[in-house]
Amino acid sequence: MLDVILARLQQGHRTIAYPAQEPTLPDRFRGLPQIDASKCPEGCRDCADACPTNAIAINGPKLELDLGRCLFCSDCTQACPEEAIHHTQDYRLSTRNRQDLVLDGQAPTPDGQTLVLAQALEEKSRRLFGRSLKLRQVSAGGCNACEADLNVLSTVVFDLGRFGIQFVASPRHADGIVVTGPVSENMRSALLTAYGAVPAPKLVIAVGACAISGGPFVDNPEVHNGCGKFLPVDLYIPGCPPHPMTILDGLLRLLGRLDEQRLPARA
């Protein structure tokens, strides 16, 4: 017993300090893309042609990047001869509206943001879910990458439970569902059944490019290009898969649990 206590003391505190402190991310982390359309040569389509999911659209001088389709694969950054697109270390990617995931190359806001981050639920919903949120995760044909990063949130490093958020086994015990995967035809009925079993009022959270747009399977006849076709989505968390910090950040924003004044200014 003493050896166990000694080992635990040597391990120290393993839970990250977020949101009181910014998380430490690896150097190769691919976060929010930034676009400088002024660098794009006229008529150049190298980045758009390289994108495997058609996440990049070029309309004349305007270049748009759809984070809901983006796989964060870096094919576009490698193909661009002028380095007009690059990934930052910004893990904050979640939005409330699907259209807000489309970047258009405009200059960032004073706080460095180039997209509209997720706003908190209205006051009534925050009173219901803000202190205790139970979620049922539904893998609607996913590859298990997004599912794995959702599971990581329950480990001692992230300790999702300290925010009052917990994944539960039954949709009847849940306040909402977290959808991963492109919604294959074989999972369509199961997804709708799970959603119907959640008592109202309820939330729908789409995690990953597949759940938002179909991801690498977009427009395949066996999938439905995400859950938005069937369910009213309250929060979009892009990525392939999203980093656990991106997911955690999105959940806390939805619940109004983030005080931006507590976070150090980002470079």
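For the structure, see preceding data.
Each chain carries its own residue numbering, running from 1 in the written order of its sequence. The predicted nature of this model means local features are confined to residues of pLDDT at least 70 and side-chain atom pairs, given and counted, to a pLDDT of 80 or more, with totals for whole chains, interfaces and linings taken over all residues. Excluded from the side-chain calculations are hydrogens and water; all other atoms, namely the structure's heavy atoms, are used.

### Comments concerning the overall build of the protein
Turning to step 1, where the next piece is worked out: Secondary structure elements are taken from DSSP: a helix is a run of H or I of four residues or more, a strand is a run of E of two residues or more, and numbering for both begins at the N terminus. Looking only at helices and strands, the protein features 8 helices and 10 strands.
Turning to step 2, where the next piece is worked out: All radius of gyration figures rest on C-alpha atoms, and the globule criterion is 2.2 Å times the number of residues raised to 0.38. Taken against the 2.2 N^0.38 rule, which gives 18 Å for 267 residues, the C-alpha radius of gyration of the protein at 19 Å falls within 12% of a compact globule.
Turning to step 3, where the next piece is worked out: For the protein, the spread of C-alpha atoms along the three principal axes comes to 65 × 45 × 40 Å.
Turning to step 4, where the next piece is worked out: For every residue, the accessible area obtained with a 1.4 Å probe (protein chains only) is divided by the maximum for its type, and the residue is called buried under 20%, exposed over 50%, and partly exposed between those limits. Burial statistics for the protein: of 267 residues in total, 46% are counted as buried.
Turning to step 5, where the next piece is worked out: Within the protein, residue pairs in contact and separated by at least 24 positions form 76% of the contacts whose partners lie at least 6 positions apart. Any pair of residues with heavy atoms lying within 4.5 Å of one another is described as a contacting pair.

### Describing the packing of aromatic side chains
Turning to step 1, where the next piece is worked out: Between rings of Phe, Tyr and Trp, where Trp is taken as its six-membered ring, a pair exists when centres lie within 6.5 Å; planes separated by under 30 degrees are stacked, by over 60 edge-to-face, and by other angles tilted. In this structure the tally under the stated criterion is 1 aromatic pair.
Turning to step 2, where the next piece is worked out: Plain terms: the ring middles of tyrosine 18 and tyrosine 91 are 6.1 Å apart, the flat faces sit at 80° to each other, and that makes the pair edge-to-face. With tyrosine 18 in the loop between helix H1 (2-11) and strand E1 (33-35) and tyrosine 91 in the loop between strand E4 (85-87) and strand E5 (102-103), this pair connects stretches of sequence that are 73 residues apart. The two residues tyrosine 18 and tyrosine 91 agree in class, both being buried.
Turning to step 3, where the next piece is worked out: Geometrically, a charge over a ring is one whose NZ (Lys) or CZ (Arg) sits within 6 Å of the ring centre while staying within 35 degrees of the ring normal. Note that lysine 202 overlies the ring of tyrosine 195, its terminal NZ or CZ placed 4.1 Å from the centroid.

### Here's the deal with the nonpolar core
Turning to step 1, where the next piece is worked out: In plain words, nonpolar cores are sets of buried Ala, Val, Leu, Ile, Met, Phe, Trp, Tyr and Cys residues tied together by side-chain atoms within 4.5 Å. Counting residues in each nonpolar core, the largest one holds 37 residues, and the members touching the most others are Ile56, Ile177 and Val179.
Turning to step 2, where the next piece is worked out: Elements supplying a minimum of two residues to this core: helix H2 (46-50), strand E2 (56-59), strand E3 (62-66), strand E8 (176-180), helix H6 (185-197), strand E9 (203-207) and helix H7 (209-213).
Turning to step 3, where the next piece is worked out: Look past the residues within four positions of valine 179 in its chain and what remains in contact with it is Val138, Ala140, Leu191, Val204, Ile205, Ala206, Val207, Ala211, Cys227 and Leu231.
Turning to step 4, where the next piece is worked out: Core analysis: the next-biggest nonpolar cluster, separate from the first, contains 30 residues, Leu25, Ile165, Leu203 and Ile237 among them.

### Quick word on the sheet that holds E5
Turning to step 1, where the next piece is worked out: Strand pairing is assigned whenever DSSP detects at least two bridges linking the two strands. Strands sit in the order E2-E3-E5 across an open sheet of 3 strands; the sheet is antiparallel. For this open sheet the edge positions go to E2 and E5, each flanked by a neighbour on one side alone.
Turning to step 2, where the next piece is worked out: Two strands pair when backbone bridges link them, and E3 and E5 are joined in this way by 2 bridges, in the antiparallel orientation. Among the inter-strand pairings, aspartate 66 is bridged to a residue of E5, identified as valine 102.

### Here we look at the sheet that holds strand E7 (residues 165-167)
Turning to step 1, where the next piece is worked out: A sheet is described by the order of its strands in space; here 5 strands give the open sequence E7-E6-E8-E9-E10, paired in parallel fashion. Each end of this open sheet is capped by a strand with a single partner; those strands are E7 and strand E10 (235-237). Here the average twist between neighbouring strands, direction ignored, is 25°.
Turning to step 2, where the next piece is worked out: Sheet topology places strand E6 (residues 133-139) next to E8; 5 bridges connect them, and they run parallel. Its bridge partner being in E8, glutamine 137 is matched across the sheet by valine 178.
Turning to step 3, where the next piece is worked out: What counts as an axis is a line fitted to C-alpha atoms, over the stretch in contact for a helix, and the angles between N-to-C directions run from 0 to 180 degrees. Packed onto the sheet, helix H5 (residues 145-152) meets E6, E7, E8 and E9 and runs at close to 135° relative to E8.

### Some details on the pairing of E6
Turning to step 1, where the next piece is worked out: Where E6 lies against E7, 3 bridges are found, and the strand directions are parallel. Directly across from leucine 133, in E7, lies its bridge partner isoleucine 165.
Turning to step 2, where the next piece is worked out: Look down the strands so they point away from you; if going from the first strand over the helix to the second traces a clockwise path, that crossover is right-handed. For the handedness criterion, the β-α-β arrangement of E6, H5 and E7 is classed as right-handed.

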